[in-house]
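Observations on the three-dimensional arrangement
What follows is the residue order along each chain.
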Amino acid sequence: MLSCKELVAHSSDYLDAQLSFRERIAVRTHLAICWKCRRFIRQMRLTQAVLRRLPDAAIPELEPLAARLAEQRKAR
Ligand SMILES: [Zn+2]
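Thresholds, definitions, all that
Residues numbered from 1 in each chain as written. Predicted model: local features only at pLDDT ≥ 70, side-chain atom pairs only at ≥ 80, totals over all residues. Heavy atoms only, no water. UniProt positions renumbered as here; feature names shortened; annotations may be inferred. Helix = DSSP H or I, 4+ residues; strand = E, 2+ residues; numbered from the N terminus. Axes fitted to C-alpha atoms, helices over the stretch in contact; angles between N-to-C directions. Parallel < 35°, antiparallel > 145°, perpendicular 65-115°, else oblique. Left-handed = near helix turned anticlockwise from the far one by under 90°. Contact = heavy atoms within 4.5 Å. Core = buried A, V, L, I, M, F, W, Y, C linked by side-chain atoms within 4.5 Å. Buried < 20%, exposed > 50% of the residue type's maximum accessible area, 1.4 Å probe, protein only. pLDDT = per-residue confidence, 0-100. Donors = N, O, S within 2.8 Å, 3.2 Å for Na, K, Ca; no water. Tetrahedral: all angles 85-135°; square planar, octahedral: opposite > 155°, others 65-115°.

By the naming in an unreviewed UniProt entry, the protein chain goes by Anti-sigma factor and is assigned to Pseudomonas cavernicola.

As structure tokens, this is what we get:
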């Protein structure tokens, strides 16, 4: 049985689906009995989802700004 510490160590690989079958079962078994780690994994998943969405949302506004800054630098 995994400890909570081991689960945390495996968590990002688990979320990225990088674990072996055996490791995945160990993580799922731990999650089935440990609500703290379930909450931890849920928060990790949420954070990943937000981070994945951020670049797409940020670039449309950043691009004109970056272009303007590049122009200003050229003008100097
Ligand atoms: Zn745990």
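With numbering matched to this structure, UniProt assigns "domain: Putative zinc-finger" (unreviewed entry) to residues 4-38. Across residues 4-38 one finds 83% helix and 0% strand; the C-alpha atoms that close the span lie 10 Å apart.

Next up on the list: the packing of helix α1 (residues 4-15) against helix α2 (residues 21-33). Taken N-terminus to C-terminus, the directions of α1 and α2 make an angle of 125°; their axes are 10 Å apart at the nearest point. By the angle between their directions, the pair α1 and α2 is classed as oblique. Seen from above, α1 lies across α2 with left-handed handedness. Contact with α1, carried on its side by Cys-4, Leu-7, His-10 and Tyr-14, involves Glu-23, Arg-24, Val-27, Arg-28, His-30 and Leu-31 of α2 and no other residues of that element.

Leu-2, Leu-7, Tyr-14, Leu-15, Leu-19, Val-27, Leu-31, Cys-34, Cys-37 and Ile-41 form the largest nonpolar core, which has 10 residues in total. Breaking this core down by element, the ones donating at least two residues are α1, α2 and α3 (35-75). In terms of residue count, α1 provides more of this core than any other element does, 3 residues in total. With sequence-adjacent residues up to four places away left out, Leu-2 is seen in contact with Leu-7, His-10, Ala-26, Val-27 and His-30.

Moving on, we get to the confidence of the model for the protein chain. Within the protein chain, residue pLDDT values average 87, and 89% of them lie at 70 or more. When mean pLDDT is taken per element in the protein chain, α2 scores highest with 97 and α3 scores lowest with 81.

Those protein atoms acting as donors to the zinc ion are Cys-4 (SG), His-30 (NE2), Cys-34 (SG) and Cys-37 (SG), and they sit at 1.9 to 2.3 Å. Around the zinc ion, the 4 donor atoms are arranged such that angles at the metal cover 103 to 114°; this shape is classified as tetrahedral. Counting gaps between the donor residues of the zinc ion yields the pattern C-x25-H-x3-C-x2-C. A single burial state applies to Cys-34 and to Cys-37, both of which are buried.

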